[in-house]
Amino acid sequence: MGQLAGVQRVSVGFPSGRMTVSYDAEQTDLAAIDRRVRESGYRLAPAPGTVPAEMALTGWRRLFTGRERQQLLLGGLFLVAGGLLDLTGFPSWVARSGFALAILVAGLPVARQGWRTLRTSHRLDINLLMTIAILGASLSGDWLEAATVAVLFSLGEVLEGASAERARRSIRSLMELAPPDALVRRAGGEVRVPLGEVAVGDLIVIRPGDRVPLDGIITHGDSSLNEAPVTGESLPVEKGPGAVVYAGTINGFGALEVETSHTASDSTIARIIRLVEEAQERKAPTQRFVDVFATYYTPAVVLLAILVAVAPPLLLNGSWWSWLYRALVLLVVACPCALVISTPVTIVSALAAAARRGVLIKGGAALEAAAGLQALAFDKTGTLTLGTPVVTQVISLDGRSEEELLRDAAALERYSEHPLGAAIVRAATDRAIDVAQLPVTEVQSLAGHGVEGWLGATRLRVGTRRLVLDGAADLDVEGQLAALEADGQTAVLVGIGERVAGIIALSDERRPEAAAALRAIKKAGIRETVMLTGDRRAVAESVAAAIGVDQVEAELLPQDKVAAIERLLARYGAVGMVGDGINDAPALATATVGIAMGAVGSDTALETADIALMSDDLSQLSGALQLSRRTKRVIAQNIALALGLKLLFLLLAIGGVATLWEAVFADVGVSLLVTANGLRLLRRPASEREGKA
């Protein structure tokens, strides 16, 4: 394909069943590309949503289409008919005619594909080896075995294709999450419009129970949305005006009006699908090794078969037909089908299973690397904590009530944009304290210190020691501040007039699932967990002690986090870093595997992280680690099965024990066995189905 004039790029994705061709329309056309594709034994189909200068091969089959399946059925009937004719005493030529027809009907597609591969790629493949075996058995007079080999091999290819298609369907099922059209509000009312025709900024109506068709922002309505199809979050999320909704999620009880923020081709679910399909083509180190091994293995087997056929008759005066038969059996047994398919089908199944649970893994290399992680480093803010400060205590020091102290502080802080000030205002609102009527004037925000202003003739200050104490010593206040900070809380002083009226304590709220998630991560095989944060050590150690982090490194700059990751790599060899995918980018890039939290709302996190947890749920992490380790075990099992059973039958073939049809049965059986073993990863383990960590 690449040798065709005008073709700029060819990308073949065997696991996903897709090949994309980009070409210059002035130098070539679709007819020329179609002819070249058909010469290779495949069919060209336009990919939905692409421009004319880019086409895709969809519905990929390694060999058999609907017509070949019919030929397989007919070949099987001829095989059975030939066997019955042979058993019932008909002349031998009549039975052989049935076998010959079976060979022609079932074996012809195999021979065609083997010849195409040899002619276009100049390499031997399983189809050519099987064709040689079928012809050899026919020439030696073993018509029944030749016909049986043709039918059994064809049947095995169809079954393998059906098994692999199951893994592909699990990815394509993501495409069906979003409906094909949207109910768009236009001047004349509400009309159904295909998703491809809905523009950014259009208003769409989402009725109760409908799937959300496109990403957007709610303009009217309140509802709860089931985001499990996209993020893996099991509980519905309450949303109202201003909240973001994602294509593929399911609306609950309320009707919503949403302003679209992305087109269908650029929605979150569309990006996830593209990234998963790309990830399927990124081979794991084990898969790359197997591919290289198979490249040298097949020619070596052909040479060995030639030696088995020729050497004993020449050197030991053996029977030519007997040793030729053994060589044919060896050819069939030694086909590397099971070995080659053992890794990709397993990885595709794992990637699909992870995507369905709200975890995006960027290819086999990331999946395999995650299986070897020994330590995990976590950013604190936004990862182990929610990233939003909340008021935990209101301490009055001059006899005022807590409500009065909070009211005066909130009246001043409502003019501030600082996160701590916003938390104080939220706390007052939650307690139904009205601060809007307080006449605060001359408000000044003092960077790094706090905010001050005037309430009538009274001076108000909310902030640090330096701002409120103004250099004066107050042992009682200092003692309370030290106690709060030792407990991991941030203390804000409130000054009214010239007195310290009170202290408001705030903390970054820990994620409710963090402690359980850390325990599950340890059970998944992680030896050490480390917190890397720029926050104060007292705050960091308090959070770490509460949720069970083993080690804390605090007051770090971005470059310090990179150095910490490098030290962990030197100690453990394989280290993961969990962060938000943006602020912690250097550390994420340095780690063996970078893991982004809450990536559903972040384009950067989706694109840069090795693993992206689509929701803000740390409990997804242990499941991803368990899946990666299960995948590594299944790959090892598949390679052991493929090589072990091949070796056994090789010895049986050279010893003259195995027959040709038994060799085909063994080859097909092992291929189906490793495929079925890989597909097991599509199922959730029992612990997850029962809701355990």
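Since the model is a prediction, treat every value here as computed from it, not as a measurement.

J.: Summarise the overall build of the chain; cite the residues concerned and give the values.
T.: Looking only at helices and strands, one finds 24 helices and 25 strands in the chain. Relative to its 693 residues, the chain shows a buried fraction of 50%. For the chain, the proportion of contacts with a sequence separation of at least 24, taken over those separated by at least 6, is 66%.

J.: So what's going on with the sheet that holds strand 12 (residues 256-260)? Residues and values would help.
T.: Reading across from one edge, 5-4-6-12-7-10 is the order of the 6 strands in this open sheet, with antiparallel pairing throughout. In this open sheet, the two edge strands, each paired with only one partner strand, are strand 5 (189-194) and strand 10 (244-245). As paired elements, strand 7 (residues 216-220) and strand 12 share 4 bridges and run antiparallel to each other. By the bridge assignment, Ile218 is partnered in strand 12 with Val258.

J.: I'd love a proper account of the pairing of strand 17 (residues 450-455), names of residues and values included.
T.: Of the pairings in the sheet, the one linking strand 16 (residues 440-446) to strand 17 comprises 5 bridges and is antiparallel in character. In the sheet register, Val440 faces strand 17, and the bridge partner there is Leu455. Of the pairings in the sheet, the one linking strand 17 to strand 18 (residues 458-463) comprises 6 bridges and is antiparallel in character. Within the sheet, the bridge partner assigned to Trp454 lies in strand 18 and is Arg459. Joining the antiparallel neighbours strand 17 and strand 18 is a turn of 2 residues, in which Gly456 adopts a positive phi near 65°.

J.: Can you break down a nonpolar patch on the surface residue by residue, with the values?
T.: On the surface, a cluster of nonpolar side chains totalling about 790 Å² of accessible area is made up of Leu303, Ile306, Val310, Leu314, Leu315, Leu316 and Trp320. Here the nonpolar patch takes 6 residues from helix 8 (residues 285-316), the largest share from any one element. Tracing the backbone through its elements, the reader meets Ile306 in helix 8.

J.: Run through the sheet that holds strand 16, naming residues and quoting values.
T.: Sheet architecture is open: 6 strands sit in the order 15-20-19-18-17-16, paired in antiparallel fashion. In this open sheet, the two strands that pair with only one neighbour each are strand 15 (385-396) and strand 16. Direction aside, the axes of adjacent strands within the sheet are offset by 20° on average. Relative to strand 18, helix 13 (residues 402-413) is tilted by about 85°, and along the sheet it contacts strand 15, strand 16, strand 17, strand 18, strand 19 (490-496) and strand 20 (499-510). Across the face of the sheet, helix 16 (residues 475-486) comes into contact with strand 15, strand 19 and strand 20 while running at roughly 5° to strand 20.

J.: Give me helix 22 (residues 619-654): which residues, what numbers.
T.: A rise of 1.5 Å per residue sets the reference length of helix 22, with its 36 residues, at 52 Å; its end C-alpha atoms lie 53 Å apart and thus fit the reference within 8%. In the stretch just after helix 22, Gly656 is the one whose phi turns positive, near 80°.

J.: Tell me about the packing of helix 9 (residues 320-333) against helix 22, residues and numbers included.
T.: Here helix 9 crosses helix 22 at 170°, and the two axes come no closer than 8 Å. Taken together, helix 9 and helix 22 sit at an angle that is classed as roughly antiparallel. For the pair formed by helix 9 and helix 22, the contact residues are Trp323, Arg326, Val329, Leu330, Val332 and Val333 on the first element and Lys646, Phe649, Leu650, Ala653 and Ile654 on the second. Counted by class, the contact of helix 9 with helix 22 contains 9 nonpolar, no polar and 2 charged residues.

J.: So what's going on with the nonpolar core? Residues and values would help.
T.: Counting 53 residues, the largest nonpolar core has Leu376, Phe378 and Leu621 as the members making the most contacts within it. With 9 residues, the top contributor of residues to this core is helix 10 (residues 337-356). When near neighbours in sequence (up to four residues on either side) are disregarded, Phe378 contacts Thr383, Leu384, Leu518, Ile521, Thr529, Val530, Met531, Leu532, Met577, Val578, Leu618 and Leu621. Counting 42 residues, the second-largest nonpolar core is a separate cluster that includes Ala102, Ala150, Tyr297 and Leu331.

J.: Report on the pairing of strand 23 (residues 575-579), specifying residues and quantitative values.
T.: Most of strand 23 sits out of view: 5 of its 5 residues are buried. What you see with strand 23 is no split at all: Val575, Met577 and Gly579 on one side and Gly576 and Val578 on the other are buried throughout. Bridge count between strand 14 (residues 375-379) and strand 23: 4 bridges; the pairing is parallel. Each residue of the ladder has a partner; that of Leu376, found in strand 23, is Gly576. Bridge count between strand 23 and strand 24 (residues 593-596): 4 bridges; the pairing is parallel. Bridged to Met577 within strand 24 is Gly594.

J.: Lay out the packing of aromatic side chains with the relevant residues and their values.
T.: What the rule picks out here adds up to 0 aromatic pairs. Sitting over the ring of Trp323, Arg326 keeps its end group 4.1 Å from the ring centre.

J.: Provide a residue-level description of unusual backbone geometry, including the pertinent values.
T.: Positioned with a positive phi, Ala432 is a non-glycine residue whose angle comes to about 60°. Inspection of the secondary structure puts Ala432 in the loop between helix 14 (419-430) and strand 16. On the accessibility criterion, Ala432 (69% relative accessible area) is exposed. Located in the positive-phi region is Glu555, a residue other than glycine, with phi close to 55°. Along the polypeptide, Glu555 turns up in the loop between strand 22 (551-553) and helix 19 (558-572).

J.: Explain the pattern of salt bridges residue by residue, including any values.
T.: Throughout the structure, instances matching the rule amount to 17 salt bridges. Of the charged contacts, one joins Asp181 and Arg192 as a salt bridge, the two residues approaching to 3.4 Å between their closest N and O atoms. Placement of Asp181 in strand 4 (residues 181-186) and of Arg192 in strand 5 is noted, with a sequence separation of 11 residues between them. Take Asp181: its relative accessible area is 27%, and that puts it in the partly exposed class. For Arg192, a relative accessible area of 48% corresponds to the partly exposed category.

About the cut-offs
Residues numbered from 1 in each chain as written. Predicted model: local features only at pLDDT ≥ 70, side-chain atom pairs only at ≥ 80, totals over all residues. Heavy atoms only, no water. Helix = DSSP H or I, 4+ residues; strand = E, 2+ residues; numbered from the N terminus. Buried < 20%, exposed > 50% of the residue type's maximum accessible area, 1.4 Å probe, protein only. Contact = heavy atoms within 4.5 Å. Pairing = 2+ DSSP bridges. Patch = residues over 30% accessible without salt bridge, like charges linked within 9 Å, V, L, I, M, F, W, Y side chains within 5 Å. Areas by Shrake-Rupley, 256 points an atom, 1.4 Å probe, with all protein chains shown as cover. Salt bridge = Lys/Arg side-chain N within 4 Å of Asp/Glu carboxyl O. Axes fitted to C-alpha atoms, helices over the stretch in contact; angles between N-to-C directions. Expected span 1.5 Å × (residues − 1). Parallel < 35°, antiparallel > 145°, perpendicular 65-115°, else oblique. Nonpolar A, V, L, I, M, F, W, Y, C, P; charged D, E, K, R; others polar. Core = buried A, V, L, I, M, F, W, Y, C linked by side-chain atoms within 4.5 Å. Phe/Tyr/Trp six-rings, centres within 6.5 Å; stacked < 30°, edge-to-face > 60°. Lys NZ or Arg CZ within 6 Å of the ring centre and 35° of its normal.

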